[in-house]
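# Secondary and tertiary structure notes
Each chain is listed here by its residues.
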Amino acid sequence: MMNVEQRLTGILGKSISEADDRQLYSALMQLVQDQAGEQIRPVSGRKLYYISAEFLLGKLLSNNLINLNLYDEVKECLEKSGKSLAALEEIDSEPSLGNGGLGRLAACFLDSLATLNLPGDGVGLLYHCGLFRQKFENELQHEKPDFWLDNNGWVKRTDKAYPVMLAGRQYAARLCQIAVTGYNGRTNQLNLFDLESVDEGIIGDGISFPKDQIEKNLTLFLYPDDSDDAGRLLRLYQQYFMVSAGAQMILEECAARGCNYHDLADYAAIQINDTHPSMIIPELIRLLGEKGVGFDEAVEIVTNTCAYTNHTILSEALEKWPAGSLYRVVPHLMPIIDRLNQIARSRSSDASTAIIDGNGTVHMAHMDIHFTHSTNGVAYLHTEILKNSELANFNRLYPWKFNNKTNGVTFRRWLMACNPMLTKEIESRIGPGFKKDADELKNLLALQEDEAALQRFADIKAANKRALAKWMLETQGIEINPDAMFAIQAKRLHEYKRQQMNLLFLIHQYFEIKAGHLPPVPLVSIFGAKAAPAYTIAKDIIHALRVLSRVVAEDPAVSPWMQIAFVENYNVSAAEKMFPACDLSEQISLASKEASGTGNMKFMLNGAVTLGTMDGANVEIAQQVGGENIYIFGQSSDQVIRRYAAGDYCAREWYEGDPNIRRAIDFLLSDEMLRYGSRENLERLKNELIYKDWFQTLPDFNAYTIRKLQAMTDYAVNPVKWRRMCLVNIANAGFFSADRTIAEYNRDIWQLG
Ligand code: 26V
């Protein structure tokens, strides 16, 4: 067996010190791909196809090196020749094929499947530009295309293509693949389809482009703006392109392994990630029909093969399409969807469970629940809400289909790769077993009373905070105080996640500091968030935070006590710097609205304490660590659901009745804010908070403020207690390993291999 140095020089045709960084990067990629190729295993039995519109992979170089056990050797061998792995990681571009949690979850699942030696491929789309790159001009978000594909060698084009009919015309879906390595496991594939005639030259200002030229724009962007009809239609075209090519590929692979189509469910398990791939149900029925399988049998086969995961209860995010749009884009599917609707209606007289409602709207989630054998939510509370309120009518019809699979994250990326110091420290205390069996982290609990050990963990946190501060200065031009407490809220910008409540807290603190009521510790509030391009209020919230950041920074009475850093273009790479450096993890969604959250798990794993509502997986984090190791506040999901049902929430009463709230909201239009901010944006946000506040920020404001100040006090006056809380959080994070989640999916839904 050749060592890394011999293999690299073999590929390079020269010594490592003679090669430049680009050559080294390519050679390393070659080495990884060769090694990954050797871990490909033949499939016997059932194979999983995880079909998803998003896979938010993040950079792949270090991740693959870790999984293939090459990381340390490569790093050392490069350093010996005066080269740095970090410099090569800079060359690696981040595949930005996702928006947030849903896409990142899919990426974590692929990692765990390969690690657990399970045969499971991803199926999705190869977006040339993926999610937009965020730029700020005058503290306002602007969107720019991200040409990540241009210098990314991980994607391999194959010679396979599948014909797909869109609006009566045929297009070719080219299969491209990214190898997915497991940690000491097997190699699976991420199969991404691309339309080769896509033309990046049609991109105009920002991320604008003509929405009606399918042949040029189909796989250009992730989630093209769906604020108008043309954008929505394009999304439908994308979805069908993905599922039709995917379904053909799945049938072809299964047939090659001996499947006669009648026994498809013995060869394939298909997991439908949210409703974006739901059309795979009628498409498979159609294709099975072409193979000679009768309609009723095809319906049964597809039901047994497919399972559906729901990721949100927000009604605006539950996909519904006008039947007219489907007739236009996929006329050949509509007769099948009509028949499925008839079957659905024959199973229940309850019109609310129909696939096509009285207005001719097609409800994708309804089709999923009727015609798959499993519907799961992504955290305990979320699944309970699905069963008891949002989908109660379906739960009465098919109680056996509903199940919970609490989300998890891969510890390879979110601990080992992003926090090497902590990983090493854990390993020195409890051995390396936790890398494969996350539950072993529990052994850290033995260190709870060991003050020297607690100090060591605190030193690592401090070093990670200094590293983040350095990165902030170098890449964002923001200087932050590494000795302050770091509170981080990093996630997509959405009103239900309530970044605006954090904003109101910060304004409140600004007033308190100016009045001489100094906090127990200086606080650095760090944000990372992109807003959907057409989501006006979300952009207004970002604007207000960025403007406030400047107001605070230039006030010498305030800036020693608080700083606000809003990171530009938050993505996986930025996240990897932020999670290890966090003291307080902000998980402050309105209870009942965040299906799970996964950032909450990553912060916990890296030794942050959660400040959160009893929402999503926060509920289970609280259960794991115990109430004394988490800061919980706010209304319960039951209270929120009752308040919505009663329809009696009036934001204005809170604004008028609470002087602190009024002072904070009024400040949005103060001279200080208007100095840097835009009146139009700030005024719109102010009015939204007073007259709508759809996600009940104001009723939770005081509880949030009190809990956050309590956390700051504990941090400042009782460091040993604080450090113990951090340790208890790390020690109890094992439950949130995606390995556990995937093992449960496999046990209850897939039964692979
Ligand atoms: C999508 C949209 C699109 C239209 C505008 C409003 C809106 C609001 C939310 C969404 C989210 C779609 C589904 C999603 O990303 N869900 C997230 O899935 C994560 C993985 O299960 C979970 O941790 C997050 O709580 C959940 O929000």
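Rules behind the numbers
- Throughout, a residue's number is its position along its own chain's written sequence, starting from 1.
- In view of the model being predicted, local features appear only for residues whose pLDDT reaches at least 70, and side-chain atom pairs are presented and counted only at 80 or more, with totals across whole chains, interfaces and linings using the full set of residues.
- Side-chain metrics rest on all non-hydrogen atoms present in the structure, leaving aside hydrogens and water.
- Salt bridges are identified by distance alone: a Lys or Arg side-chain nitrogen within 4 Å of an Asp or Glu carboxyl oxygen.
- Numbering goes from the N terminus for both helices and strands, where a helix is a DSSP run of H or I of at least four residues and a strand is a run of E of at least two.
- Burial classes follow relative accessibility: with a 1.4 Å probe on protein chains only, a residue under 20% of its type's maximum area counts as buried, one over 50% as exposed, and anything between as partly exposed.
- Throughout, a contact is declared for two residues whenever any of their heavy atoms are within 4.5 Å.
- If a single non-hydrogen atom of a residue is within 4 Å of a molecule or strand, that residue counts as near it.
- Side-chain atoms alone can form a polar contact between residues adjacent in sequence; in general such a contact is a pair of N or O atoms within 3.5 Å, and within protein one must be able to donate a hydrogen while the other accepts it.
- Accessibility throughout is a Shrake-Rupley quantity obtained with a 1.4 Å probe, and a residue counts as covered only by protein chains that appear here.
- Side-chain classes follow a simple rule in which Ala, Val, Leu, Ile, Met, Phe, Trp, Tyr, Cys and Pro form the nonpolar group, Asp, Glu, Lys and Arg form the charged group, and the remainder, Gly included, forms the polar group.
- Start and end points for every domain follow an automatic or database-based domain assignment.
- Axes here refer to lines fitted to C-alpha atoms; in helices the fit is confined to the stretch in contact. Angles between the N-to-C directions go from 0 to 180 degrees.
- Put simply, angles under 35 degrees are roughly parallel, angles over 145 are roughly antiparallel, angles from 65 to 115 are roughly perpendicular, and the rest are oblique.
- In plain words, nonpolar cores are sets of buried Ala, Val, Leu, Ile, Met, Phe, Trp, Tyr and Cys residues tied together by side-chain atoms within 4.5 Å.
- Strand pairing is defined by DSSP finding a minimum of two bridges between the two strands.

### Quick word on the pattern of salt bridges
- For the structure on display, the rule yields 44 salt bridges.
- The closest approach of N and O atoms between Lys 514 and Asp 555, which form a salt bridge, is 2.3 Å. Of this pair, Lys 514 sits in helix H20 (residues 499–514) while Asp 555 sits in the loop between helix H21 (536–553) and strand S16 (562–567), and the two are 41 residues apart along the sequence.
- The partly exposed category is assigned to Lys 514, whose relative accessible area is 45%.
- The buried category is assigned to Asp 555, whose relative accessible area is 12%.
- A salt bridge links Asp 748 to Arg 747, with the shortest nitrogen-to-oxygen separation between them at 2.8 Å.
- Residue class for Arg 747 comes out exposed when judged on its relative accessible area of 54%.

### Let's talk about helix H11 (residues 295–305)
- Every buried residue belonging to H11 is among Phe 295, Ala 298, Val 299, Ile 301, Val 302, Thr 303 and Thr 305, and all of these are buried.
- The elements touched by buried residues of H11 are helix H9 (264–267), strand S8 (268–273), helix H10 (280–290), strand S9 (306–309), helix H13 (334–347) and helix H14 (364–370).

### Regarding the site of the ligand
- Neighbouring the ligand are 17 residues; His 311, Asn 407, Glu 594, Ser 596 and Gly 597 lie closest to it.
- Within the contact set of the ligand, an oxygen atom lies 2.6 Å away from a side-chain nitrogen or oxygen of His 311.
- The side chain of Glu 594 places a nitrogen or oxygen atom 2.6 Å from an oxygen atom of the ligand.
- Burial of the ligand by the protein amounts to 78% of the accessible area it has alone, namely 590 Å².
- Of the residues in the shell around the ligand, the class split is seven nonpolar, seven polar and three charged.
- The residues that make up the shell around the ligand include at least three from each of domain 1 (39–52 + 94–261) and domain 2 (450–735).

### A closer look at the environment of Leu 447
- Mapped onto the elements, Leu 447 comes out in the loop between helix H18 (420–430) and helix H19 (451–476).
- For Leu 447 and Ile 742, which are 295 residues apart along the polypeptide, the C-alpha to C-alpha distance reads 30 Å.
- The contact partners of Leu 447, leaving out residues within four places of it in the chain, are Arg 429, Ala 453, Leu 454, Phe 457 and Leu 727.

### A short note on the packing of H20 against helix H27 (residues 659–666)
- Their axes nearest at 9 Å, the elements H20 and H27 cross at an angle of 100°. In terms of their interaxial angle, H20 and H27 are classed as roughly perpendicular. In this structure, H20 uses Leu 504, Ile 507, His 508, Phe 511 and Glu 512 to contact H27, whose residues at the interface are Asn 660, Arg 663, Ala 664 and Ile 665.
- Across the contact of H20 with H27, the residue classes tally to five nonpolar, two polar and two charged.

### A word on the nonpolar core
- One finds Phe 193, Phe 241, Ile 280, Leu 340, Ile 426, Leu 444 and Ile 526 to be the most contacted residues of the largest nonpolar core, which totals 202 residues.
- Element by element, the count of residues in this core is highest for helix H8 (residues 229–256), at 14 residues.
- Both domains that furnish three or more residues to this core are identified here as domain 1 (39–52 + 94–261) and domain 2 (450–735).
- Residue contacts for Leu 444: discarding those within four places in its chain leaves Ile 426, Arg 429, Ile 430, Phe 457, Leu 727, Ile 730 and Ala 731.
- Core analysis: the second largest hydrophobic core is formed by 62 residues, Leu 523, Ala 529, Leu 689 and Met 725 among them.

### Side note on the side chain of Thr 372
- Relative to the elements of secondary structure, Thr 372 occurs in the loop between H14 and strand S12 (375–377).
- Thr 372 sits in the buried class, given a relative accessible area of 0%.
- A polar side-chain atom of Thr 372 sits 3.3 Å from the main-chain carbonyl oxygen of Ser 374.
- Apart from the residues within four sequence positions on either side, Thr 372 is in contact with Ile 272, Ile 281, Thr 303, Cys 306, Ala 307, Tyr 308 and Lys 401.

### Focus on the pairing of strand S4 (residues 140–144)
- By the alternation rule, side chains of S4 split into Gln 141 and Glu 143, which are all buried, and Leu 140, His 142 and Lys 144, of which none is buried.
- In terms of strand pairing, strand S3 (residues 133–137) meets S4 through five bridges, oriented antiparallel. Bridge pairing in S4 links Glu 137 to Leu 140.
- What sits between S3 and S4 in their antiparallel hairpin is a turn of two residues, with Asn 138 showing a positive phi close to 50°.

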